[in-house]
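Descriptive structure summary
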Amino acid sequence: QVHLVESGGGLVQAGGSLRLSCEASGRFVSINNMAWHRRAPGKSREVVAQITRDNSLNYADSVKGRFTISRDSARNTAYLQMSSLKPEDTAVYYCSAHVTLPGSYQYDSWGQGTQVTVSS
């Protein structure tokens with residue numbers, strides 16, 4: 001079992017910044033891709049940013065140039081630095097990780113989510 005715990009959400013004014021963290025714990029062999037997703041009120045969940053094990057990056061068009069995903073493999077932690085925040089960035093942000101367990105079983109683990117609210 002792998003647990004992901006997000007932190008760093010909160011209330012911020014438009015134009016401000018926040019940094020989200022996602023720490024993985026549990027018994028696993030490796031963490032492969034990690035990603036941040038969000039679900040805004042009344043909308044479907046969307047992928048915000050992804051980072052592979054070799055640090056290849058992908059971003060949703062809506063956050064390119066404003067958000068930066070990174071990871072600290074030694075700490076099993078991913079980060080999402082969010083700048084120039086807009087009210088439309090308001091959502092619950094979730095972290096996911098594709099992990100390999102002992103015995104080579106792989107699956108996607110999800111965090112519980114952290115609320116980000118951007119006021120205008």
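Just above, that's the structure.
Conventions and cut-offs
Residues numbered from 1 in each chain as written. Predicted model: local features only at pLDDT ≥ 70, side-chain atom pairs only at ≥ 80, totals over all residues. Heavy atoms only, no water. Helix = DSSP H or I, 4+ residues; strand = E, 2+ residues; numbered from the N terminus. Rg over C-alpha atoms; globule rule 2.2 N^0.38 Å. Buried < 20%, exposed > 50% of the residue type's maximum accessible area, 1.4 Å probe, protein only. Contact = heavy atoms within 4.5 Å. Areas by Shrake-Rupley, 256 points an atom, 1.4 Å probe, with all protein chains shown as cover. Disulfide = S-S within 2.5 Å. Pairing = 2+ DSSP bridges. Phe/Tyr/Trp six-rings, centres within 6.5 Å; stacked < 30°, edge-to-face > 60°. Lys NZ or Arg CZ within 6 Å of the ring centre and 35° of its normal. Axes fitted to C-alpha atoms, helices over the stretch in contact; angles between N-to-C directions. Core = buried A, V, L, I, M, F, W, Y, C linked by side-chain atoms within 4.5 Å.

**Quick notes on the overall build of the protein chain**
When its secondary structure is counted, the protein chain shows 0 helices and 11 strands. Element order for the protein chain, N to C, with α for helix and β for strand: β-β-β-β-β-β-β-β-β-β-β. Against the globule reference of 14 Å for 120 residues, the protein chain gives a C-alpha radius of gyration of 14 Å, in line with a compact fold. Projecting the C-alpha coordinates of the protein chain onto the three principal axes gives extents of approximately 50 × 25 × 25 Å. A total of 120 residues make up the protein chain; the buried ones form 45% of that total. Within the protein chain, residue pairs in contact and separated by at least 24 positions form 56% of the contacts whose partners lie at least 6 positions apart. Total accessible area on the protein chain is roughly 6400 Å²; 45% of this is exposed by carbon and sulfur atoms.

**So, the state of the cysteines**
Scanning all chains against the criterion turns up 1 disulfide. For cysteine 22, the disulfide goes to cysteine 95, at an S-S distance of 2.0 Å. Disulfide cysteine 22-cysteine 95: torsion about the S-S bond near -75 degrees, hence left-handed. Here cysteine 22 is found in strand β3 (residues 18-26), whereas its partner cysteine 95 is found in strand β9 (residues 91-100), with 73 residues between them in sequence. Taken individually, cysteine 22 and cysteine 95 each receive the classification buried, so the pair is uniform in this respect.

**So, the pairing of strand β1 (residues 2-7)**
If a strand is regular, its side chains alternate between the two faces of the sheet. With burial as the criterion, only one face of β1 is covered, namely that bearing Val2, Leu4 and Glu6; the residues His3, Val5 and Ser7 on the opposite face remain uncovered. Summarising the sheet, β1 and β3 pair through 6 bridges and their orientation is antiparallel. Residue pairing in the sheet places histidine 3 in a bridge with serine 25 of β3.

**Points about the packing of aromatic side chains**
Enumeration over the complete set of coordinates arrives at 1 aromatic pair. Centre to centre, the rings of tyrosine 105 and tyrosine 107 are 6.1 Å apart; their planes meet at 20 degrees, and the pair counts as stacked. Above the plane of the ring of tyrosine 79 lies arginine 19, whose end atom (NZ or CZ) is 4.0 Å from the centre.

**Points about the sheet that holds β1**
Here we have 4 strands laid out as an open sheet, ordered β1-β3-β8-β7, and antiparallel in their pairing. Two strands close off the open sheet at either side, each with one partner strand: β1 and β7 (67-72). Shown here is a sheet whose adjacent strand axes are inclined to one another by a mean of 15 degrees, direction ignored. Summarising the sheet, β7 and strand β8 (residues 77-82) pair through 6 bridges and their orientation is antiparallel. Its bridge partner lying in β8, aspartate 72 is registered against threonine 77.

**Let's talk about the nonpolar core**
By size, the foremost hydrophobic cluster in this structure holds 32 residues, and its most contacted members are Trp36, Leu80, Met82 and Tyr93. Secondary-structure elements contributing two or more residues to this core are β1, β3, β4 (30-39), β5 (46-51), β7, β8, β9 and β11 (114-119). Ranked by residues supplied to this core, first place goes to β9 with 5 residues.

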